[in-house]
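Here is what each chain is made of, one letter per residue.
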Amino acid sequence: MALAHAILAALVDASCSGYDLAKRFDGSVGFFWSASHQQIYRELAKLEDQGWISSESILQAGRPDKRLYSVTDLGEQHLKEWIAQPCEPTPIKDDLLVKIFAGHIVSKQIILAELEHHQKAHLQKLSTYHNLEQLYFQNPQELPEAGKFQYLTLLNGISYETHWLAWCYQVMELLNQTIENW
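Note that the coordinates shown come from a computational prediction; the quantities given were computed from them, not determined experimentally. The residue numbers shown here count from 1 along each chain, following its written sequence. Owing to the predicted nature of the model, reporting of local features is limited to residues with pLDDT of at least 70; listing and counting of side-chain atom pairs is limited to 80 or more, with chain, interface and lining totals taken over all residues. No hydrogens and no water enter the side-chain calculation; it runs on all heavy atoms of the structure.

With that settled, consider the overall build of the protein chain. For helices the rule is a DSSP run of H or I covering at least 4 residues; for strands it is a run of E covering at least 2, with both sets numbered from the N terminus onward. The number of helices and strands found in the protein chain is 7 helices and 3 strands. Helices (α) and strands (β) of the protein chain occur, in sequence order from the N terminus, as α-β-α-α-β-β-α-α-α-α. With the radius of gyration taken over C-alpha atoms, the globule rule is written as 2.2 Å times the number of residues to the power 0.38. Relative to its length of 182 residues, the protein chain is extended, with a C-alpha radius of gyration of 21 Å against a globular reference of 16 Å. Oriented by its inertia axes, the alpha-carbon framework of the protein chain measures out at about 70 × 40 × 35 Å. When a residue's accessible area, from a 1.4 Å probe over protein chains only, is under 20% of the maximum for its type it is buried; when over 50% it is exposed; and in between it is partly exposed. Within the protein chain, the proportion of its 182 residues that are buried is 30%. For the protein chain, the exposed surface amounts to about 12,500 Å²; the carbon and sulfur share of it is 56%. Positive: Lys, Arg. Negative: Asp, Glu. His and the chain ends are not part of the count. Note on charges: their place is set at NZ of Lys, CZ of Arg, CG of Asp or CD of Glu. Computing the positive centroid from 14 side-chain charges and the negative centroid from 22, the protein chain places the two 5 Å apart. Computed with the Shrake-Rupley method and a 1.4 Å probe, the accessible areas treat only the protein chains shown as cover for residues.

A few words now on the environment of Ser36. Here Ser36 shows up in the loop between α2 (18–26) and α3 (37–50). Assessed through its relative accessible area of 32%, Ser36 is described here as partly exposed.

All right, on to the packing of helix α1 (residues 3–11) against α3 then. The axes are straight lines fitted to the C-alpha atoms, using for helices just the contacting stretch, and the angles between their N-to-C directions are given from 0 to 180°. Contact geometry of α1 with α3 gives a least axis separation of 10 Å together with a crossing angle of 85°. When the interaxial angle is binned, α1 and α3 end up roughly perpendicular. Residue-level inspection shows Leu3, Ala4, Ile7 and Leu11 of α1 in contact with α3, the latter providing Gln39, Ile40, Glu43, Leu44 and Leu47. Only Asp, Glu, Lys and Arg are considered charged, only Ala, Val, Leu, Ile, Met, Phe, Trp, Tyr, Cys and Pro nonpolar, and every remaining residue, Gly among them, polar. Grouping the constituent residues of the contact of α1 with α3 by class yields 7 nonpolar, 1 polar and 1 charged. Should an angle fall under 35 degrees it is taken as roughly parallel, and over 145 as roughly antiparallel, whereas 65 to 115 is taken as roughly perpendicular and any remaining angle as oblique. The criterion used for residue contact is that any of the two residues' heavy atoms lie within 4.5 Å.

Here we take up the sheet that holds strand β1 (residues 16–17). DSSP-based pairing: two strands are paired if at least 2 bridges between them are found. An order of β1-β3-β2 is seen for the 3 strands of this open sheet, with the pairing classed as antiparallel. Of all strands in the sheet, those bounded by a partner on one side alone are β1 and β2 (53–58). Packed on one face of the sheet, α1 meets β1, β2 and β3 (66–71) and runs near 95° to β3. Here α3 sits on the sheet and contacts β2 and β3; the angle it forms with β2, its principal contact strand, is near 110°.

This is a description of form; function is not addressed.
Written out as structure tokens, the structure reads:
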């Protein structure tokens, strides 16, 4: 997927400024497609040049003007065509898995420390996802259609983090048993 598709997906429901888009991106599409604010702004310019989004300048008293971005009919059509195309599963690229694969060449405490570091990050992400679920998705069947589809991505995030943590606990238990048997 290109960043362009993630931006179109984030903008398709409502127009917003580049700054607001970057913030919205961080709290939605950014959970599964990361991009810096600088990358987002560069991509907005490209999307506008392609005619997939348009912008209007909004005058602000005492502040710099801001640009409000909207998906054009051409941009929405492109997004629909892209959604309809089959996509391949994304290959895993994970530094931690490479470290564990070759972890026998360092002390197990080094690997355990790395796992604990990742465990904290995944616990925090899972907590964030559960908070979002409580705030916005308490009654998924009552959501408008767009909300139901957004909820499906949140369910994937919750499942991913839960599975990752279960794997982490299993690995840590195995490594701790191995250390005790040394």
